[in-house]
Amino acid sequence: MQLGIHLPHIGRKAGPDAIRRAAEQAEALGFDDVWVSEHIIVPKDAPYPPSPYFYDPVLTLTWAAAFTTRVRLGTSVLVLPMRHPLPLAKELATLQNLSEGRLILGAGVGWLKPEFAALGVPFEERGRRLDEGLAMMRAVWTQDPVTFKAKYIAAEIEGLTMQPQPVSPIPLWIGGSSEPALARTVRIADGWHGSGLTPEKAAPLIKRLRGDRPDDDFTISIRWHWDGKDAGVLRAHVDAFAAVGVQHLLVGPVNRDVDDWDGVIEGVGRLIR
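In short, a report on the structure.

Section: the pattern of salt bridges
The final tally for this structure, using the stated rule, is 16 salt bridges. Note that Glu38 is salt-bridged to Arg83, the shortest N-O span being 2.5 Å. Linking Glu38 in the loop between β2 (33-36) and α2 (57-66) with Arg83 in the loop between β4 (78-79) and α3 (85-98), this pair joins segments that are 45 residues apart in sequence. Across this residue pair, the class does not change: Glu38 and Arg83 are buried. Among the salt bridges present, the one from Arg184 reaches Asp131, with a minimum N-O distance of 2.5 Å. Of the two residues, Arg184 sits in helix α6 (residues 179-188) while Asp131 sits in helix α5 (residues 126-142), which places them 53 residues apart along the sequence. The network of salt bridges with shared partners includes Glu38, Asp56, Arg83 and Glu91.

What follows is the structure, given as structure tokens:
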């Protein structure tokens, strides 16, 4: 089982020192990767997300990359339909190159309708915009010059160039367990990144995905939350997820305060040592 940890870039105590310390600790303990999530703007006093305090995910990973040399850097997940693909493609290619090829792009459609409205993005088109945006980014990452015909995203790309291109392909893991998300995963992704699922609920989805994507380099990943207290609960869940075919587990804290984050990192780290 590969193990990753969520960086403390969310919540009132998040900050550069906490992010740096967690990234360095994850690398020292032998974690495979460190991860971030995304919200750009949220309704005030909304019950979820529990905190509106989010450092930008791409910049957070760039900060973490500066203090590490080995751990991979993942997004869990970027809400791609909210962003224009071209500046995002430039940012991600830059991060891939500065980190010497350590980026994993976890991507999803999003769910918070007021956030889309604030950004002027049609909520009902988010699935189509995700597909088109991913195709556009892959085009500018691999073609030079590039021509791309866009239907949903405002872009006129005819014989243009975007440099530098990524030093190596950026793996794409699709988040979500809806029918469109699973179909998209099978069709275009290098992995699946589920969230909020028990091993029992994940099992039939994993069986279905493995049936459609039996290739060895297709990764099954789950994001799971632990309170950092009962190591037996952690060990049991790691074993149960592995038994149903999960290859990668991202562990985040139940409560987003620094103490909880430290406990989670140290507790999962003991499984590695």
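Concerning the nonpolar core
Leu92, Leu105 and Trp192 are the most contacted members of the largest nonpolar core, which has 67 residues in total. A per-element tally of this core places α5 first, with seven residues. Apart from the residues lying within four places of it in its own chain, the contact partners of Leu92 are Val58, Leu78, Leu103, Leu105, Met137, Trp141 and Ile170. Residues Val79, Phe116, Val121 and Phe123 belong to the second largest nonpolar core, which totals five residues.

Regarding the pairing of strand β8 (residues 172-175)
In β8, alternate side chains face the same way, and those of Leu172 and Ile174 on one face and Trp173 and Gly175 on the other are all buried. Judged from the three bridges that link them, strand β5 (residues 103-108) and β8 form a sheet pairing that is parallel. Within β8, the residue paired with Gly106 across the bridge is Trp173. This β-α-β element, β8 to α6 to strand β9 (residues 191-195), shows right-handed connectivity.

What to know about the environment of Ala117
Tracing the sequence through the fold places Ala117 in helix α4 (residues 113-118). With relative accessibility at 58%, the residue Ala117 sits in the exposed group. Taking C-alpha positions, Ala117 is 17 Å from Asp45, a pair spaced 72 residues apart along the chain.

Some words on helix α8 (residues 231-243)
Helix length check: α8 (13 residues) gives 18 Å between terminal C-alpha atoms against 18 Å at 1.5 Å per residue, within 8%. For α8, the N-terminal cap is Asp230; the gap from its side-chain oxygen to the backbone nitrogen of Gly232 is 2.8 Å. Two residues or fewer after α8 comes Gly245, characterised by a positive phi angle close to 105°.

The rules behind these values
- Residues numbered from 1 in each chain as written.
- Predicted model: local features only at pLDDT ≥ 70, side-chain atom pairs only at ≥ 80, totals over all residues.
- Heavy atoms only, no water.
- Salt bridge = Lys/Arg side-chain N within 4 Å of Asp/Glu carboxyl O.
- Helix = DSSP H or I, 4+ residues; strand = E, 2+ residues; numbered from the N terminus.
- Buried < 20%, exposed > 50% of the residue type's maximum accessible area, 1.4 Å probe, protein only.
- Core = buried A, V, L, I, M, F, W, Y, C linked by side-chain atoms within 4.5 Å.
- Contact = heavy atoms within 4.5 Å.
- Pairing = 2+ DSSP bridges.
- Right-handed = clockwise from strand over helix to strand, strands pointing away.
- Expected span 1.5 Å × (residues − 1).
- Polar contact = N/O pair within 3.5 Å; in protein donor to acceptor, adjacent residues only side chain to side chain.

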